[in-house]
Amino acid sequence: MRIVIIGSGNIAHFFTPRLQENGHEIIQIFSPNPENAKLLAEANNIKHYTDDLGAITQDADAYILAVKDDALKALNEKLRFENKLVIHCAGAVALDIIADISRKTAVIWTLYSIRKNNLPASNHIPLIVEANSDEALQGAEILANAISDRVLTTSFEQRQLLHLNAVLVNNFTNHLLAIAEKLSGEHQLPFDILKPIIEQTFSQIQKVSPSESQTGPAIRKDEVTMQKHLALLREHEAWQQIYKDISTSIQQTIKK
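Every value quoted in this text rests on a predicted model; they were computed, and no experiment measured them.

Caption draft 1: Structural context of the packing of aromatic side chains. Counted under the stated rule, the structure contains two aromatic pairs. Relative to Phe15, the ring of Phe14 lies with its centre 5.9 Å away and its plane at 45 degrees, an arrangement referred to as tilted. Taking the centre distance of 3.7 Å and the plane angle of 5 degrees together, the rings of Tyr63 and Phe81 count as stacked. Of this pair, Tyr63 sits in strand β4 (residues 62-65) while Phe81 sits in the loop between α3 (72-78) and β5 (85-88), and the two are 18 residues apart along the sequence. When sorted by exposure, Tyr63 lands in the same class as Phe81, which is buried.

Caption draft 2: Quick peek at the environment of Gly91. Position of Gly91 among the secondary structure elements: in the loop between β5 and β6 (104-110). Gly91 sits 37 residues away from Ile128 along the chain, and the two C-alpha atoms are 8.3 Å apart.

Caption draft 3: Here's a closer look at the nonpolar core. With 31 residues, the main nonpolar core has Phe15, Leu19, Ile64, Ile108 and Leu143 as its most contacted residues. Top element by residues in this core is helix α4 (residues 134-147). It accounts for six residues. Aside from chain neighbours lying at most four places away, what touches Ile64 is Ile3, Val4, Ile5, Ile6, Phe15, Leu19, Ile87, Cys89 and Leu143. If you look at the next biggest cluster of nonpolar residues, it comprises 22 residues, including Phe30, Tyr63, Ile101 and Trp109.

Caption draft 4: Main features of the packing of helix α8 (residues 223-232) against helix α9 (residues 237-255). Where α8 contacts α9, the two axes come as close as 10 Å, and the packing angle between them is 155 degrees. With respect to each other, α8 and α9 are oriented roughly antiparallel. Between α8 and α9 lies a crossing of right-handed hand. Packed against α8, whose contacting residues are Glu223, Met226, His229 and Leu230, the element α9 presents Gln240, Tyr243, Lys244, Ser247 and Gln251 at the interface. A class-by-class count of the residues in the contact of α8 with α9 yields three nonpolar, four polar and two charged.

Caption draft 5: A look at the sheet that holds strand β8 (residues 151-153). Overall, mixed pairing links the eight strands, which are arranged β3-β2-β1-β4-β5-β6-β7-β8 in an open sheet. The sheet is open, and its two borders are formed by β3 (49-50) and β8, each paired with just one other strand. Across four bridges, strand β1 (residues 2-6) lies against β4 in parallel orientation. Opposite Ile3, over in β4, you have Ala62 as the bridge partner. Of the strands in this sheet, β5, β6, β7 (127-131) and β8 are in contact with helix α5 (residues 156-186), which crosses β6 at around 20 degrees.

Caption draft 6: Representation of the environment of Asn123 within the structure. Note on placement: Asn123 falls in the loop between β6 and β7. Note: C-alpha distance between Asn123 and Arg80 (43 residues apart in sequence) is 33 Å. Residues within four places of Asn123 in sequence aside, it is in contact with Arg18, Ser148, Asp149 and Arg150.

Caption draft 7: Just the environment of Ser148, in detail. Along the chain, Ser148 turns up in the loop between α4 and β8. Assessed through its relative accessible area of 3%, Ser148 is described here as buried. Sequence separation between Ser148 and Leu39 is 109 residues; the distance between their C-alpha atoms is 24 Å. Sequence-distant contacts of Ser148, defined by excluding residues within four places in its chain, comprise Asn123, His124, Ile125 and Leu127. There is a polar contact of 3.2 Å between the side chain of Ser148 and the backbone oxygen of Asn123.

About the cut-offs
Residues numbered from 1 in each chain as written. Predicted model: local features only at pLDDT ≥ 70, side-chain atom pairs only at ≥ 80, totals over all residues. Heavy atoms only, no water. Phe/Tyr/Trp six-rings, centres within 6.5 Å; stacked < 30°, edge-to-face > 60°. Helix = DSSP H or I, 4+ residues; strand = E, 2+ residues; numbered from the N terminus. Buried < 20%, exposed > 50% of the residue type's maximum accessible area, 1.4 Å probe, protein only. Core = buried A, V, L, I, M, F, W, Y, C linked by side-chain atoms within 4.5 Å. Contact = heavy atoms within 4.5 Å. Axes fitted to C-alpha atoms, helices over the stretch in contact; angles between N-to-C directions. Parallel < 35°, antiparallel > 145°, perpendicular 65-115°, else oblique. Left-handed = near helix turned anticlockwise from the far one by under 90°. Nonpolar A, V, L, I, M, F, W, Y, C, P; charged D, E, K, R; others polar. Pairing = 2+ DSSP bridges. Polar contact = N/O pair within 3.5 Å; in protein donor to acceptor, adjacent residues only side chain to side chain.

Structure (structure tokens):
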């Protein structure tokens, strides 16, 4: 396909070279920041780039909106590509946010935290696809399969649930790690000493269900230890509440 990439951030940097490597042609890069558009284009030997929405070519098969979630509404008001395939990349945003741009719309959402300065080398990064028609779905799946060999087609409801799960396992987990890092620093302890057990936690889910491998004072109903932990968190009321809520959730989940 002949493709225009609208955006120059993390997803644009991830999708652009992979699409090119698998036979697709990126004919133009758009970014409101001209320097970013130029850098992404030159890094991938793309001749045409612009910072003018009005200069985006109409001569493409697909337009990938690799922009922040809150930019999609504005693009929907300004862009018109008739019956061309238009794809947004936001995990929790419905398809109808770009309904005015084209009659043929889809989503390709990367179920992974992409950073343009540390792009994944793996071909197994999960991509979630949704579309408003069979024709749009076919096109979106072609592009998704050029980027990754792990593509899942879902409904919007399923995509929302996957986005929630991603927040739980990635964003929330990272926040707990950040709390542990700060507590370690407050008490002059090296955070690195925790890395082996952190690695064990994530490596064991390759073999054992997280429900089956749950350990700790909450599952043992060890109230004495839990009260000691809460006392250690007395200067951090918000973290105390997190400890209480997660402990209660562990106990209630085990009952089920």
